[in-house]
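Below are the chains, spelled out letter by letter.
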Amino acid sequence: MDSAAMADGAKPDADTVQVLRDMANRLRIHSIRATCASSSGHPTSCCSAAEIMSVLFFHTMRYKQADPEHPDNDRFILSKGHAAPVLYAAWAEVGDISESDLLNLRKIHCDLEGHPTPRLSFVDVATGSLGQGLGAACGMAYTGKYFDKASYRVFCLMGDGESSEGSVWEAMAFASHYSLDNLVAVFDVNRLGQSGPAPLEHCTDVYQKRCEAFGWNTYLVDGHDVEALCQAFWQAAQVKNKPTAIIAKTFKGRGIPNVEDAENWHGKPMPKERADAIIRLIESQIQTNKNLTPKPPVEDSPQISIKNIKMTSLPDYKIGDKMATEKAYGLALAKLGHANKRVIVLDGDTKNSTFSELFKKEHPERFIECFIAEQNMVSVALGCATRARTIAFVSTFASFFTRAFDQIRMGAISQTNINLIGFHCGVSIGEDEPSQMALEDLAMFRSIPNCTVFYPSDATSTEHAVYLAANSKGMCFIRTSPSETAVIYTPQENFEIGQAKIIRHSVNDKVTVIGAGVTLHEALAAADHLSEQDIFIRVIDPFTIKPLDAATIISNAKATGGRVITVEDHYQEGGIGEAVCAAVSGEPDILVHQLAVSGVPQSGKPSELLDMFGISARHIIAAVKYTLMD
């Protein structure tokens, strides 16, 4: 590139520089006014980032002002979500928000919440729980580079305080490993955290060394110098095969006398009696009243559809075949990959246990190895799924999802459509001991709003769960098991979310037993044994634990004298038994007896552990007889 073109791209002219400075001050004024009007918020965090936001939104980023969700737009994530007012201010200057809306910040009837959520068209993922934005940005950048193969770039604005979170460095490692040169992370190093100084304060050289050690191209800039910022963003766009970190030295509360760089102002609006004078002072520095129009995006992302996916054929299992639901998941996923080219799979170095290697073998370009960094893996999936660019399936041992619970709950706030598949569930995994046994995963996922919880009990129903999850809105969790169990459904069986299956019934049934996964098969074994003694039980497979088919459970409970036994390879708290108790709580004369794992288990053979912890066929038989004695 010749030096004239370089100078033109890197250095804006004097007029543009002045407008960008003025725009930054307008963003400050909007942020101060909005937080004053709501008597809450973080104006000082907004003020440190004002020049960064001005340069990004009015010089660097390419996007359609009237269409914030356009697939070709550059992406922006405000990882330091508490600085939401400065983001809203930028969109007010773009023209997507009215100034009167800004004054309704944080009010119940207004979508301008205290932290950004996708209730707003220009927000892709919810932020506010710190340390998560960069992982989502990685997912967007990975999608742009490897799936869309498009020109759009991804910018993530982060706080220096949140860089103490380990998840930030998981994302830093991921971005470097996958050479995400379309990703720029901006560290707003304003020195101060919530309750005191951040650990590195203004030691920007240490941030630089850390980012470089993680394989990032890194620039140090004065975060209040719009020319320096323009140049750094321009340089970042020239760099190939490395993500770029911009370490911006800033001052919290910039432009506010006696507040700038002072402690104990985090999350405090300016006092109303001082606000007018502060605003007048900032206004006195504004020299132009011009606006800058963002450059339009390069429109080169492919047209895609991720709706109404149809499996290429029915499940290919015969009744009585033996297969673990874990393996059936891997086979179903590989099959689903042929039905839609936007199905992707993320895994955390467990692909040879989760059978996602079957997908990788058939669709290698759509498999993302996230290594042992589950928090980042979930965040990357959230980013991949934004703007309906992919159908993401995330697989690992279910017990390891517990460390990503915060990312999962933020996914619900983000209104995401990702599918999480948990392996190695319950004591039935056997010798691997309790650290690997998910026994709290149902409770965790049941507590997430708009999350569908599938618990298939054979290979056929597992394939249906995968297909239904791919077509579902909201988050889905599929619980699978390593034990080989018999296929109990024909390929033609129809499955629906929230619809239970009555597996065994007769007019003489005295008790309804509800099990799922391995415990459904224990219940069937118990039913066989009891029938030899002329004791007949009804056996129900709930298929989805959330939503639970309450109507089927209640009607069958009534048909069996109000006697219900639940049996689950999970702790009692928050599991199937409690879900059933809640479902029948309004019904008189239904009594639920719960069999579940109590106490911390240990290593052993699966059959020994099922028996030791009270959820084997033997215990079901005893519970049925005890229930009939009452």
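Within every chain, residues take consecutive numbers counted from 1 along the sequence as written. Side-chain atom pairs in this predicted model are given and counted only at pLDDT of 80 or more, local residue features only at pLDDT of at least 70, and totals for whole chains, interfaces and linings cover all residues. In computing side-chain properties, one takes all heavy atoms of the structure into account and sets aside hydrogens as well as water.

- The chain goes by transketolase in an unreviewed UniProt entry, where it is assigned to Molossus molossus.
- UniProt positions are given in the numbering used here, feature names are shortened, and annotations may be inferred rather than shown by experiment. Taken from UniProt, the Sequence similarities (unreviewed entry) comment for the chain reads in full: "Belongs to the transketolase family."

### Section: the packing of aromatic side chains
- Under the pairing criterion, centres of Phe, Tyr and Trp rings, with the six-membered ring standing for Trp, must be within 6.5 Å; the plane angle then separates stacked pairs below 30 degrees from edge-to-face pairs above 60, leaving the rest tilted. Using the criterion set out here, one finds 21 aromatic pairs in the structure.
- Relative to Phe 445, the ring of Phe 401 lies with its centre 6.0 Å away and its plane at 90 degrees, an arrangement referred to as edge-to-face. Of this pair, Phe 401 sits in the loop between strand S9 (391-397) and helix H16 (405-413) while Phe 445 sits in helix H17 (residues 441-446), placing them 44 residues apart in sequence.
- Here the aromatic rings of Phe 445 and Phe 477 are separated by 4.0 Å at their centres, their planes lie at 10 degrees, and the arrangement is stacked. Highlighted residues: Phe 445 in helix H17 and Phe 477 in strand S12 (residues 475-479), separated in sequence by 32 residues. Each member of the pair, Phe 445 as well as Phe 477, carries the same accessibility label: buried.
- Aromatic ring contacts, followed pair by pair, group Phe 57, Tyr 63, Phe 76, Tyr 88, Trp 91 and Phe 122 into a single cluster.
- Any Lys NZ or Arg CZ found within 6 Å of a ring centre and within 35 degrees of that ring's normal is scored as a charge over the ring. We note Arg 75 situated over the ring of Tyr 152; from NZ or CZ to the ring centre the distance is 3.7 Å. By the criteria applied, helices consist of DSSP H or I runs no shorter than four residues and strands consist of E runs no shorter than two, each listed in order from the N terminus. Here the term buried applies to any residue with accessible area under 20% of the maximum for its type, exposed to any over 50%, and partly exposed to those in between, with areas from a 1.4 Å probe on protein chains only.

### Digging into the domain arrangement of the chain
- An automatic or database domain assignment is the source of the domain bounds shown. Here the chain is partitioned into domain 1 (22-284), domain 2 (321-487) and domain 3 (501-629).
- A C-alpha centroid distance of 25 Å is found between domain 2 and domain 3.
- Contacts are assigned to residue pairs that have any heavy atoms within 4.5 Å of one another. Opposite the 37 residues of domain 2 that make contact, domain 3 presents 33 residues.
- Buried area is understood as the total, over both parts, of accessible area removed when two parts are fitted together, assessed with a 1.4 Å probe. Here domain 2 meets domain 3 over a buried area of about 2,500 Å², counting both sides, of which 62% is carbon and sulfur.
- Of all residues in domain 2, the largest losses of buried area upon contact with domain 3 belong to Leu 439, Arg 446 and Tyr 455, amounting jointly to 28% of the total for that side.
- Any Lys or Arg side-chain nitrogen located within 4 Å of an Asp or Glu carboxyl oxygen qualifies as a salt bridge. Counting every contact that joins domain 2 to domain 3 gives zero salt bridges.
- We define a polar contact as two N or O atoms separated by no more than 3.5 Å, with the added condition that, inside protein, one atom must be a possible hydrogen donor and the other a possible acceptor, whereas residues neighbouring each other in sequence contribute only through side-chain atom pairs. Inspection of the domain 2/domain 3 interface yields 21 residue pairs in polar contact (both at pLDDT 80 or more).
- Mapped by element, the contributors of at least two residues to the side of domain 2 that touches domain 3 are H17, strand S11 (451-454), helix H18 (459-470) and strand S13 (484-486).
- Class assignment for the residues of the side of domain 2 that touches domain 3 results in 20 nonpolar, ten polar and seven charged. Nonpolar residues are Ala, Val, Leu, Ile, Met, Phe, Trp, Tyr, Cys and Pro. Charged residues are Asp, Glu, Lys and Arg, and all others, Gly as well, are polar.

### Considerations on the UniProt feature "domain: Transketolase-like pyrimidine-binding" (unreviewed entry) in the chain
- Mapped onto the present numbering, the UniProt feature "domain: Transketolase-like pyrimidine-binding" (unreviewed entry) falls at residues 323-487.
- Segment residues 323-487 splits into 39% helix and 21% strand. End C-alpha atoms: 7 Å apart.

### Observations regarding helix H23 (residues 617-629)
- Expected helix span is taken as 1.5 Å per residue step, with the number of steps being one fewer than the number of residues. In a regular helix each residue adds 1.5 Å, so 13 residues correspond to 18 Å; H23 covers 19 Å between its end C-alpha atoms and thus fits that length.
- Listed in full, the buried residues belonging to H23 are Ala 617, Ile 620, Ile 621, Ala 623, Val 624 and Thr 627. Taken down its axis, H23 places every buried residue within 165 degrees of arc, on the same side. In H23, those exposed residues whose orientation departs by more than 90 degrees from the buried face are Arg 618 and Met 629.
- Looking at the buried positions of H23, the neighbouring elements they touch are strand S15 (511-515), helix H19 (518-531), strand S16 (537-541), strand S18 (563-571) and strand S19 (591-597). To be clear, the arc concerns the directions from the helix axis to the C-beta atoms.

### What about the sheet that holds strand S7 (residues 343-347)?
- At least two DSSP bridges between two strands are needed for those strands to be called paired. Read from one edge to the other, the open sheet built from seven strands follows the order S8-S7-S9-S10-S12-S11-S17, with strand pairing classed as mixed. Because the sheet does not close on itself, it has two edges, and the strands there are strand S8 (367-369) and strand S17 (544-546). Strand after strand, the sheet turns through a mean of 20 degrees between neighbouring axes, direction not considered.
- In this sheet, S8 lies alongside S7 in parallel orientation, the contact comprising three bridges. Directly across from Leu 346, in S8, lies its bridge partner Ile 368.
- Taken strand by strand, helix H15 (residues 374-385) contacts S7, S8, S9 and strand S10 (419-423), and its axis lies near 170 degrees from that of S9. Between N-to-C directions, angles span 0 to 180 degrees; the directions come from axes that are lines fitted to C-alpha atoms, helices contributing only their stretch in contact.

### Digging into the pattern of salt bridges
- In total, this model carries 25 salt bridges according to the counting rule given.
- Arg 479 serves as the salt-bridge partner of Asp 441, at 2.7 Å between the closest nitrogen and oxygen. Note that Asp 441 is positioned in helix H17 and Arg 479 in strand S12, a separation of 38 residues in sequence. Both residues of the pair, Asp 441 and Arg 479, count as buried.

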